[in-house]
Amino acid sequence: MASVVSAHDFLRGKTTLVTGVTGFIGKVFVEKILRVQPDIKKLYVLIRAPNSYLAKQRFHNEVIGKDLFKVLRDKLGAEFGSFISKKVIVVAGDVSLDNFGIKDENMKNQIMEELDIIVRTAASTTFNER
Ligand SMILES: NC(=O)c1ccc[n+]([C@@H]2O[C@H](COP(=O)([O-])OP(=O)(O)OC[C@H]3O[C@@H](n4cnc5c(N)ncnc54)[C@H](OP(=O)(O)O)[C@@H]3O)[C@@H](O)[C@H]2O)c1
């Protein structure tokens, strides 16, 4: 019989790419992983932006800058910034495009080599969109 592994254990040592992290579900998912399973290897977060500078800016303002991350900030104290830099890699892209719209070839190759899991929460939640 196949053994049951919890999501917590499954993610240990794994590299995961998450889309939709500026959204409701994606943000909650990223916060929870970083808080309860700090032994993930790496977390790529794909953010809709034309370049990596703007993607990083969105990550800081719209994701880790939010009150949701207060518990993790308080828990890690002065280590918060270095923990995020060590674990999280922000990637500019767009899931509606080929290869998720990742223009940086080195980044694309690195992701393809390292990735274990993709968690896709990116979606259009505008119900009257064409
Ligand atoms: N919220 C709920 O309670 C709930 C419950 C069950 C299921 N769901 C499902 O979970 C999914 C996400 O819901 P949500 O509430 O988190 O939605 P949301 O708050 O509207 O977030 C959507 C996310 O998807 C991103 N996105 C949209 N199009 C993209 C594209 N082309 N490339 C890259 N990123 C893109 C958005 O980025 P931008 O910031 O750039 O727009 C945003 O980060 C949906 O499928 C929804 O039906 C939600």
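- Per an unreviewed UniProt entry, the protein goes by the name Fatty acyl-CoA reductase and belongs to Psophocarpus tetragonolobus.
- We quote the UniProt Function (unreviewed entry) comment for the protein here in full: "Catalyzes the reduction of fatty acyl-CoA to fatty alcohols."
- Its UniProt record gives the protein the following Catalytic activity (unreviewed entry) comment, quoted word for word: "a long-chain fatty acyl-CoA + 2 NADPH + 2 H(+) = a long-chain primary fatty alcohol + 2 NADP(+) + CoA".

1. Some points on the UniProt feature "domain: Thioester reductase (TE)" (unreviewed entry) in the protein
- According to UniProt, the "domain: Thioester reductase (TE)" (unreviewed entry) feature falls on residues 18-130.
- In this annotation, residues 18-130 is assigned 45% helix and 17% strand; the end-to-end C-alpha distance for the span is 25 Å.

2. Looking at the layout of surface pockets
- There is about 510 Å³ of room inside the largest pocket.
- As for the largest pocket, its lining consists of 22 residues, and the residues nearest its centre are Gly20, Arg48, Ala122, Ala123 and Ser124.
- Those elements that provide at least two residues to the lining of the largest pocket are helix H2 (24-36) and strand S2 (42-48).
- Around the second largest pocket, the lining is made up of 16 residues, and of these Pro50, Asn51, Ser52, Ala92 and Lys103 lie nearest the centre.
- Residue classes in the lining of the second largest pocket are distributed as 8 nonpolar, 4 polar and 4 charged.

3. Brief notes about the sheet that holds strand S4 (residues 117-120)
- One open sheet accounts for 4 strands, arranged S3-S2-S1-S4; its pairing is parallel. At either margin of the open sheet sits one strand with a lone partner, and together these are strand S3 (88-93) and S4. Looking at each pair of strands side by side, their axes are set apart by 20° on average, direction ignored.
- By the bridge criterion, 5 bridges tie strand S1 (residues 15-19) to S2 in an arrangement that is parallel. Along S2, the bridge assignment pairs Val18 with Val45.
- Each of S2 and S3 is contacted by helix H5 (residues 80-87), which is oriented at about 60° to S3, the strand it contacts most.

Conventions used here
- Residues numbered from 1 in each chain as written.
- Predicted model: local features only at pLDDT ≥ 70, side-chain atom pairs only at ≥ 80, totals over all residues.
- Heavy atoms only, no water.
- UniProt positions renumbered as here; feature names shortened; annotations may be inferred.
- Helix = DSSP H or I, 4+ residues; strand = E, 2+ residues; numbered from the N terminus.
- 1 Å grid on protein atoms, 1.4 Å probe; cavity = no way out; pocket = protein on both sides within 12 Å on 5 of 7 lines; lining within 4 Å.
- Points joined across faces, edges and corners; volume = space filled by probe spheres on them.
- Nonpolar A, V, L, I, M, F, W, Y, C, P; charged D, E, K, R; others polar.
- Pairing = 2+ DSSP bridges.
- Axes fitted to C-alpha atoms, helices over the stretch in contact; angles between N-to-C directions.
- Contact = heavy atoms within 4.5 Å.

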